[in-house]
Amino acid sequence: MADPSTLTLDADVLVLGGGPAGTWAAIAAAEAGAKVVLADKGYVGTSGATAPSNTGAWYLPPDPGRREAVIAQRWPGTLGLADRGWMECVMELSWRRIDQLADSGYPFPVDEAGRPYRANLRGPDYMRFMRQLVGRAGVRILDHAPGLELLLDGDGRVAGAAGRRRNSGEIWRVHSGAVVIATGGCAFLSRALGCNVLTGDGLLMAAEAGADLSGMEFSSVYGLAPLGSAVTKGLPFFWASFTHEDGTPVETQGDRAGTVAGALVQGRPVYAVLDRADEALRGWLRKSQPNCFLPFDRAGIDPFTQRFPVNLRLEGTVRGTGGIRLTGEDCATLVPGLYAAGDAATREDIGGANTGAGGPNASWAIATGALAGQGRHASPGGRRGGTGGASRLERRGSAPADVKPLASLPTRWSAPPRRRCFRSTATTTAAGRGSTPRSPCWTGCGGRCATARRGPAATRSGRARPPR
Ligand SMILES: Cc1cc2nc3c(=O)[nH]c(=O)nc-3n(C[C@H](O)[C@H](O)[C@H](O)COP(=O)(O)OP(=O)(O)OC[C@H]3O[C@@H](n4cnc5c(N)ncnc54)[C@H](O)[C@@H]3O)c2cc1C
């Protein structure tokens, strides 16, 4: 029986998720004249990975030399899995949309010469501003309203989505011609900064509807954090010295994160002290990254002079890659009417096998958000299918399931670095008995399977073409 307390809305485009990707998608769709609803699990403007962070972005004016230099520097880390066309496209759209922010009144800081500095987006200000832009564009926002299932019409085309309003328990249901999944990455309940809402809901909904995922073998990214803290921001660690418990230095030899992770996975505690930062830098770090210092201030530690234990926290596809595979230049997926953007979509096209942290991720969210929102499907009344029939939520009634026991299972499997950081069959199936080196294939085939023979490129198929 249908739940009587259901909020039912109609839209041309429904966007799930209100981080940078979702807000840019909503704005682009509204610019195209579409009636747009944006539903977020949390509060648009403070929810998701960008809101509490500072994200560096690709802000490269159209100077082919500069853009090519960035691509050349990133290329080896992609293991050849990225697509230059997509990288160029993301750079271009990111540059244009960041300028649009400035034209709309976003207060970018200026450097000593008075020039605006636009290659860094201060998360809390940026996302607060994006909420304002979304409001100005006439988009209807549903806060605290997680999307829980996609609605399909009789032809298997996406016809909207349904979810629940967390404050009232009411079910919401939006009938729409297109749905953009911008629900962020998956760092399932790892408690990393900004990631508490990033449980991969969009990946599940898309997969249930028939979309496919790609690049999930590159989703094991961990961030360093002071032990017990959620803050995985990496910047202060550039000026860190790392030591073992007995005070001997951790020899990092190039791959600092890998070496520190190796020691931690072997059960050897690692300590850090930010003693490489000079006085001026210390002041600047405190000012520019205030939330990095909260855990230290609370514990009464001066991180510049006193060493503190560090730990790894899963950031998953938020800073790694892997997600819904895009099949078209408008960020379409295998399912008609379903589009994906930002961390919810696999970022292999610009990052390949590597993390896109430090600029590409933020720009991917901007560019794919804009592309997913502005597609032909965003035209008013365009391609509206059926209503999708009664949703499973409505059929089940209003009693929410007890998810705690279910949630602990993926957490146990996905969070511990022992299981995921250095993968092989040995570490995946018998976690806890030490670490083995990273391997391009983690199936334990000993180099015999097709993936190992052909290299990681074998994991890709049906690459979407970027718009030219
Ligand atoms: C500490 C940290 C620092 C980072 N620094 C950088 C950097 O310097 N440069 C860079 O390029 N990238 C950086 N990143 C990565 C960057 O933050 C992400 O790539 C970016 O936030 C992706 O945007 P998004 O909109 O796809 O996802 P998010 O910003 O995570 O937003 C996802 C939104 O979806 C909502 N949501 C989730 N599930 C549902 C659901 N079921 N229904 C409705 N809504 C839902 C969430 O509430 C959230 O608002 C950093 C990440 C972290 C964690």
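In this report, we go over the structure that sits alongside the text. (Residues numbered from 1 in each chain as written. Predicted model: local features only at pLDDT ≥ 70, side-chain atom pairs only at ≥ 80, totals over all residues.)

### Let's talk about the overall build of the chain
Okay, so step 1: Helix and strand counts for the chain stand at 16 helices and 15 strands.
Okay, so step 2: Taken over 468 residues, the chain has a buried fraction of 47%.
Okay, so step 3: Across the chain, contacts joining residues at least 24 apart in sequence account for 73% of those joining residues at least 6 apart. (Helix = DSSP H or I, 4+ residues; strand = E, 2+ residues; numbered from the N terminus. Buried ≥ 20, exposed ≤ 12 C-beta atoms within 10 Å, placed from the backbone. Contact = placed C-beta atoms within 7 Å.)

### Describing the nonpolar core
Okay, so step 1: Ala25, Val36, Val180, Ile181, Ala340 and Ala341 are the most contacted members of the largest nonpolar core, which totals 118 residues.
Okay, so step 2: A domain split of this core shows at least three residues from each of domain 1 (6-219 + 316-396) and domain 2 (222-314).
Okay, so step 3: The residues contacting alanine 340, other than those within four sequence positions of it, are Ile181, Ala206, Ile324, Leu326, Cys331, Thr333, Ala345 and Ala372. (Core = buried A, V, L, I, M, F, W, Y, C linked by C-beta atoms within 7 Å. Domains from an automatic or database assignment.)

### Things to note about the site of the ligand
Okay, so step 1: Taken together, 45 residues form the shell around the ligand, and within it Gly17, Gly19, Gly48, Gly184 and Gly342 come nearest.
Okay, so step 2: The set of elements that each furnish at least two residues to the shell around the ligand consists of α1 (20-31), β3 (54-56), α9 (316-319) and α11 (360-374).
Okay, so step 3: No other element matches α11, which puts four residues into the shell around the ligand.
Okay, so step 4: Its residues placed into classes, the shell around the ligand shows 18 nonpolar, 20 polar and seven charged. (Near = placed C-beta within 6 Å. Nonpolar A, V, L, I, M, F, W, Y, C, P; charged D, E, K, R; others polar.)

### Notes on the environment of leucine 7
Okay, so step 1: With respect to the helices, strands and loops of the structure, leucine 7 is situated in strand β1 (residues 6-16).
Okay, so step 2: With 15 C-beta atoms counted inside 10 Å, the residue leucine 7 sits in the partly exposed group.
Okay, so step 3: Between the C-alpha atoms of leucine 7 and alanine 162, which are 155 residues apart in sequence, the distance is 9.5 Å.
Okay, so step 4: Apart from the residues lying within four places of it in its own chain, the contact partners of leucine 7 are Glu170 and Trp172.

### Observations regarding unusual backbone geometry
Okay, so step 1: The phi dihedral of leucine 79 is positive, around 55°, even though this residue is not glycine.
Okay, so step 2: Position of leucine 79 relative to the elements: it lies in the loop between α2 (64-74) and α3 (84-103).
Okay, so step 3: Exposure remark for leucine 79: the 16 C-beta atoms within 10 Å place this residue in the partly exposed category.
Okay, so step 4: Residues other than glycine seldom take positive phi values, yet leucine 189 does so here, at roughly 50°.
Okay, so step 5: Mapped onto the secondary structure, leucine 189 falls in the loop between β8 (171-181) and α5 (201-209).

### A short note on the sheet that holds strand β12 (residues 270-273)
Each strand in a sheet pairs with another by means of backbone hydrogen bonds, the pair being arranged parallel or else antiparallel.
Okay, so step 1: On the basis of which strands lie adjacent, the open sheet formed by four strands has the order β10-β13-β12-β11 and antiparallel pairing. Two strands bound the open sheet, and with one partner strand each, they are β10 (222-226) and β11 (241-244). For this sheet, the mean angle separating the axes of adjacent strands, direction not counted, is 45°.
Okay, so step 2: For β12 and strand β13 (residues 308-314), the ladder comprises three bridges, and the chain directions are antiparallel. Directly across from alanine 272, in β13, lies its bridge partner phenylalanine 308. (Pairing = 2+ DSSP bridges. Axes fitted to C-alpha atoms, helices over the stretch in contact; angles between N-to-C directions.)

### Focus: the environment of asparagine 311
Okay, so step 1: Tracing the chain through its elements places asparagine 311 in strand β13.
Okay, so step 2: Separated by 87 residues in sequence, asparagine 311 and leucine 224 have C-alpha atoms that sit 5.8 Å apart.
Okay, so step 3: Sequence-distant contacts of asparagine 311, defined by excluding residues within four places in its chain, comprise Ala225, Leu227 and Leu264.

### Regarding the packing of α1 against α11
Okay, so step 1: It is at 7 Å that the axes of α1 and α11 come closest, and there the two elements cross at 30°. When the interaxial angle is binned, α1 and α11 end up roughly parallel. As for how α1 packs across α11, the hand of that crossing is right-handed. On the side of α1, the interface is formed by Pro20, Ala21, Gly22, Trp24, Ala25, Ala26, Ile27, Ala28, Ala29 and Glu31, while α11 contributes Ala362, Ala365, Ile366, Thr368, Gly369, Ala370, Ala372, Gly373 and Gln374.
Okay, so step 2: Looking at side-chain class alone, the contact of α1 with α11 contains 13 nonpolar, five polar and one charged residues. (Parallel < 35°, antiparallel > 145°, perpendicular 65-115°, else oblique. Left-handed = near helix turned anticlockwise from the far one by under 90°.)

### Notes on the pairing of β12
Okay, so step 1: Burial along β12 is one-sided: Val270 and Ala272 are buried, while Tyr271 and Val273, pointing the other way, are not.
Okay, so step 2: Two strands pair when backbone bridges link them, and β11 and β12 are joined in this way by four bridges, in the antiparallel orientation. Following the sheet pairing, phenylalanine 242 is matched in β12 by alanine 272.

### Focus: helix α8 (residues 290-299)
Okay, so step 1: Of all the positions in α8, only Cys292, Phe293 and Phe296 are classed as buried. Buried residues along α8 cover an arc of 75° about the axis, so they all sit on one side. Exposed and oriented more than 90 degrees from the buried face of α8 are Pro290, Leu294, Asp297 and Arg298.
Okay, so step 2: Looking at the buried positions of α8, the neighbouring elements they touch are β10 and α7 (279-288). (Arc of directions from axis to C-beta.)

### Observations concerning the pairing of strand β6 (residues 147-152)
Okay, so step 1: β6 sits mainly inside the fold: five of its six residues count as buried.
Okay, so step 2: Strand direction decides the pairing type here: β6 and strand β7 (residues 158-164), joined by five bridges, are antiparallel. Across the sheet, residue glutamate 149 finds its bridge partner in β7, namely alanine 162.
Okay, so step 3: Where β6 folds back onto β7 in an antiparallel hairpin, the turn is made up of five residues, including glycine 156, whose phi is positive at roughly 80°.

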